[in-house]
Amino acid sequence: MRLTQYFLPVLKETPAEAQIASHRLMLRAGMIRQASAGIYSWLPLGYKVLRRIETIVHEEQQRAGHIPMLMPTIQSADLWRESGRYDDYGEEMLRLRDRHDRELLYGPTNEELITEIFRTGVASYKELPLTLYHIQWKFRDEIRPRFGVMRGREFLMKDGYNFDLTKDDALHAYNRHMVSYIRTYERMGLKAIPMRADSGPIGGDNTHEFLVLAPTGESGVYYDRAVTDLTLGERAIDYGDREAVAAICTDWTTPYARTDETHDPVLFAALPEARRVEGRGIEVGQIFYFGTKYSEPLKALVSTEEGERVPVHMGSHGIGVSRLVGAIIEASHDDRGIVWPEGVAPFRVGLVNLRQGDGATDAACASLYGELRAAGLDPLYDDRDERAGAKFATMDLIGLPWRITVGPRGLAAGKVELTARRSGETEEMSPAEAVARCTEIYRGH
Ligand code: 5CA
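These numbers come from a predicted model, not from an experiment.

(A) Up close: unusual backbone geometry. In this model, L128 is joined to P129 through a cis peptide bond whose omega is 0°. As for its placement among the helices and strands, P129 is situated in the loop between α5 (111–121) and β7 (130–139). Of note, the phi angle at F147 is positive, near 60°, even though the residue is not glycine. Owing to a relative accessible area of 11%, F147 belongs among the buried residues under this scheme.

(B) Summary view of the side chain of K138. Its place among the elements puts K138 in strand β7. Side-chain polar atoms of K138 contact the backbone oxygen of Q136, separated by 3.1 Å. With near-sequence residues (within four places) excluded, K138 lies in contact with Y106, G107, P108, T109, N110, R153, E154, F155, M157 and D159.

(C) Summary view of the state of the cysteines. Tallied over the entire structure, the rule returns zero disulfides. In this structure C365 is not part of a disulfide, and its nearest cysteine sulfur, from C438, lies 14 Å away.

(D) Layout of the nonpolar core. M31, I53, W340 and I404 are the most contacted members of the largest nonpolar core, which totals 88 residues. In terms of residues, this core owes the most to one element, helix α6 (residues 167–187), which gives seven residues. Both domain 1 (9–338) and domain 2 (349–441) contribute no fewer than three residues apiece to this core. When neighbours within four sequence positions are excluded, I404 is seen to be in contact with V349, G350, L351, V352, L368, L372, V416, E417, L418, A434 and C438.

(E) Examining the site of the ligand more closely. In the vicinity of the ligand there are 22 residues, among which T109, E111, R140, G152 and E283 approach most closely. Between E283 and the ligand, the recorded distance is 2.4 Å, taken from a side-chain N or O atom to an oxygen atom. In this structure, S316 approaches the ligand through a side-chain N or O atom, which is 3.5 Å from a nitrogen atom. Alone, the ligand offers 600 Å² of accessible surface; in the complex the protein occludes 96% of this. Every element with two or more residues in the shell around the ligand is listed here: β8 (154–164), β13 (276–291) and β16 (313–320). The element that contributes the greatest number of residues to the shell around the ligand is β13, accounting for five residues. In terms of residue class, the shell around the ligand is made up of seven nonpolar, eight polar and seven charged.

The rules behind these values
- Residues numbered from 1 in each chain as written.
- Predicted model: local features only at pLDDT ≥ 70, side-chain atom pairs only at ≥ 80, totals over all residues.
- Heavy atoms only, no water.
- Helix = DSSP H or I, 4+ residues; strand = E, 2+ residues; numbered from the N terminus.
- Buried < 20%, exposed > 50% of the residue type's maximum accessible area, 1.4 Å probe, protein only.
- Polar contact = N/O pair within 3.5 Å; in protein donor to acceptor, adjacent residues only side chain to side chain.
- Contact = heavy atoms within 4.5 Å.
- Disulfide = S-S within 2.5 Å.
- Core = buried A, V, L, I, M, F, W, Y, C linked by side-chain atoms within 4.5 Å.
- Domains from an automatic or database assignment.
- Near = heavy atom within 4 Å.
- Areas by Shrake-Rupley, 256 points an atom, 1.4 Å probe, with all protein chains shown as cover.
- Nonpolar A, V, L, I, M, F, W, Y, C, P; charged D, E, K, R; others polar.

This is the structure in structure tokens:
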């Protein structure tokens, strides 16, 4: 993309209403614009990051064997009466009426609707196990929407639902979700720690939240330092292998790691002092096993091998897709702006022309731009008639991980500069080498 043909409304001033770095930077970098309290438009740059995150979530869910679909944002109140949650959900639920005076709501989550789909589509244990998920906008009329997309009223969530015959099968689904989530967050350059949590209005006693450590997080967290040394990396995972999947979960859940809701000071105090860490975290996902809490009232039954009709065991599993954009920025920024991890960068490479209008420099940039595109590196070419300082400031603010700088002096020696946003390190090399290096960096992302 050429910057002169893009829409990147960066702000010079720091917006007064934004209290945390990610909110400030998302507004300044022209990623989002508030439409009303807790409701945002995603401008082109922000939308690109959101789509990258969604793609990673889709890939990892499907790798775990979970099936994508799409349910609507608007749901009928009737189903929520059947489950008994229509009244329980309280003021957070946005309730609507259509022209026929039928009661509707903007879905805050989808346990009821998916269970309804399941009960009319599945009759026998032979069709299990089944895990369905979608990525869809939710609405929760939060009393205090704040921190931009971190606590919005409208937000994008991946929510998945498993249906299993037995508790053991459902716990395997729970474990599959835990492992696939760890991998999902790692691909986004995040360390998200599963912590034992409280289930709130979703219900059930088996639940973990995934927390990204950040001083601006809304949850207090207490953990054993050992848990931060764990990584899944590139290892192959057979999601059908119950023991292998369970063993990974055991590794991650054995060290003490809890949020303030479930913190146990006595257990925590038993850890060696050097390993005890207290901090704050951003909740970027939560998984639940709740057994037959919804399948019983909603009559989601299957026939067993013996011909008996039994309620299925269920769990639900959420990832805060739009919140992740903010969480990644909280975890990865500096004084000059955002520092995107390679996995989610809106453009892979920024191309800066230091002498716009100079024939040779323009020609070198145009050809480099073409090669970067051909290599699938989705470059952003700053072809504006601006000073070098202003171009660098924009690139730093929007946080592209790699920048190639092209100027007449370097070109005379056949060189351009490749700069890493994170370290600021710069290396001179030929344009072809710069393309080759970036291609190598992004292999696998
Ligand atoms: N039905 C279950 C799992 S599918 C559920 O709704 N879980 S949840 O309430 O924990 O939400 C899942 C994730 O959505 C949270 O971990 C969080 O990352 C994100 N989320 C929840 N509320 C908001 C909000 N107001 N703004 C942005 N993200 C949110």
